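Below, each chain spelled out in residue letters.
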Amino acid sequence: MSIRTKFHLGLSLWTAGVLLFVGGYYPTRLAREFSSRLAAEASAAATLLAHHLAPAADLEDRHAAAQGIRGALLLKDVEYVGVFARDGRPLAELGRRAGPSPARTDTLSVAADRIVVTRRINGIDGQLAGSLALESSLARLHARRREDLLATAGLGAAILAIGLLIALFLERAVVRPIKRVTAGVERVAAGAGEVRPVLVESDDEAGQLARAFNAMRERLERTTVSRDYLESLLASVADMLFVVDRLGLVRSVNRATRTVLELDEREILGRPLGDFLATDADLLGETRERRLVTDRAATVLRRHGASLPALVSGAMVAGPQATGEVVLLARDITETRRLIAAEARAEEQQRRAAELATAYADLAEAHRQLKEAQAKLVQSGRLAAVGELAAGVAHEMNNPLSAVLTYATLLESKLADLPPEVRDRLDGFGRQLALIGVGATRCKAISDNLLAFSRGSEAPMARVEIADLIERTIELTGAHFRFKRVQLTREVSQGLEVWGVDTALQQVLTNLLVNAAQAVGEGGHVEVRASGDHERVLLEVRDDGPGMPPEVKARIFEPFFTTKPLGKGTGLGLSIVHGIVEKHRGRIEVSSEPGAGASFRVFLPAQSPPPHAESTEGDRRPPG
């Protein structure tokens, strides 16, 4: 089958396929999509109207139903809208109905000339209140199909005409030039004498094919390559080139070789290769054995005893006229070695720089640790001063505290001896005396602990129930919160116990609560939380005060550091709290941001006491 026949057959099949697609499948698909879109629009309009008319159908309000469907006929393609009551009675209708009475369920049917949609109308109680019928015309669809058929007919005619024009054009522009080239190739294959060039009529692919044939004809007419062209190729090679015969004598070199050796061609040709290229191995023998060698180390011997390093690659000359010649390419690697040495020096400098950086980082870390050790020494000195000061203060406080405690106890006993009617008039006075006694007892215990701390002794430890500790501390500080009108809430898990000094832990919690109340001010909120497991217990005091900047947060546990005005604080409270928590093998953390309040978290180990502590203390609980 010729190219012309194949082309005409393919063009005919393509034209027929396009006509079938444009005239049959494509209009049918467009009509189906258009019909589906009209049905979707009618269904959406009916659903919206049914939802809008639910109150009118529920009340069977004809006027409201007529008002609700009045604008429906303004919608495109809508010819009829009707609203019906529960029993099928029409409440309002617009347009002329062509279909039967509507069903009480949601339906959608597409007839030959219209789309019929019925929607159930639910009342306020969700029960059936009525139904809605909507009929939409398909006249626009039929008009669209007629337009598509006319357009298809015109398009088919245009495609057929274009196909014929393309066939005529390709017959002239492609088939005819290819036939001429084919005839020329057949004459060359047949061994005809002189083959005339093919006429080139265009610059397209057919013309390029004709030009390629003419170029091939010219190359076939040439039998040898000029020596000047070969020499120009050899001269353009930047590396040194040696052509060596089977006796090891140099037969040809390029311009680069003469330049590097600083010799004329007559001084090189006919001499052994070893006069110009020194190697540790038999390079020529290895090349003849392996046919190809690459990157062998060698030394190029120049005039007057000078030399330079090189890498040599060699290959055997192949072909029917070859007589054992070897071609060698030698590349000067002086600059490459210099670059490698420079790179090695740079790597050594980088290594030394990295070592210096590491040493500097180690020195900076040692300096930081030294500063931390100095700061801890300063803090230890301050704590020692606090201990001496606390010992003196505690000693001076013990006498008046003993007097307060004694007189409070005396007043309680006097109050118990009063007649019942007098005690009734003094309602609450006894509890206040008890609180005075508890506070005085706690102050004396704190004073004793300060004395014990300054002497380096340990206070006796026992089981401390966290819930009871929190309740007693809140009761002790409750007046402070009520006076400042601060809201205090708590969230405490029951059954939490730690092993420690009750009064010391109460001092920790009291300090944190009082600080929180002072921070939030009047109308603020403070929250106490306690949680834990079998390994540790967490006490948390959180407030919604102004918070702390980072520079203040970093120093709050330093002795004598305070942000309160002169006379309002000593800067010792949180420092003492920190010391107490550490003595209980715990830790205290603080998180705060400016404007976001503060949260103090105390972590204490929830573990059993050592055996000797159990045997000496038993299950003793602190008083109160």
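Residues numbered from 1 in each chain as written. Predicted model: local features only at pLDDT ≥ 70, side-chain atom pairs only at ≥ 80, totals over all residues. Heavy atoms only, no water.

## Here's the deal with a nonpolar patch on the surface
A surface patch of nonpolar side chains, amounting to about 240 Å² of accessible area, comprises Leu-389, Val-393 and Met-397. Note that Val-393 resides in helix α10 (residues 334-417). (Patch = residues over 30% accessible without salt bridge, like charges linked within 9 Å, V, L, I, M, F, W, Y side chains within 5 Å. Areas by Shrake-Rupley, 256 points an atom, 1.4 Å probe, with all protein chains shown as cover. Salt bridge = Lys/Arg side-chain N within 4 Å of Asp/Glu carboxyl O. Helix = DSSP H or I, 4+ residues; strand = E, 2+ residues; numbered from the N terminus.)

## Here we look at the packing of aromatic side chains
For the coordinates displayed, the defined rule picks out 0 aromatic pairs. Across from the ring centre of Phe-603, 4.2 Å away, lies the NZ or CZ of Arg-587, which sits over that ring. (Phe/Tyr/Trp six-rings, centres within 6.5 Å; stacked < 30°, edge-to-face > 60°. Lys NZ or Arg CZ within 6 Å of the ring centre and 35° of its normal.)

## So, the pairing of strand β16 (residues 536-543)
Of all 8 residues in β16, 6 are buried; the element is thus mostly enclosed. Summarising the sheet, strand β15 (residues 525-532) and β16 pair through 7 bridges and their orientation is antiparallel. Looking at the pairing, Val-526 lines up with Asp-543 of β16. With antiparallel pairing between neighbouring strands as the criterion, β15 and β16 make up a hairpin whose turn holds 3 residues. Where β16 lies against strand β18 (residues 598-605), 8 bridges are found, and the strand directions are antiparallel. Considered in β18, the bridge of Arg-542 is made with Ser-599. (Buried < 20%, exposed > 50% of the residue type's maximum accessible area, 1.4 Å probe, protein only. Pairing = 2+ DSSP bridges.)

## As for the pairing of strand β1 (residues 78-84)
With 6 of 7 residues buried, β1 is to be regarded as a mostly interior element. With 6 bridges connecting them, β1 and strand β5 (residues 128-137) associate as antiparallel partners. Paired with Val-78 across the two strands is Ser-136, which belongs to β5. Pairing between β1 and strand β2 (residues 90-95): 5 bridges, direction antiparallel. Bridge pairing links Tyr-80 to Gly-95 in β2. Joining the antiparallel neighbours β1 and β2 is a turn of 5 residues, in which Gly-88 adopts a positive phi near 95 degrees.

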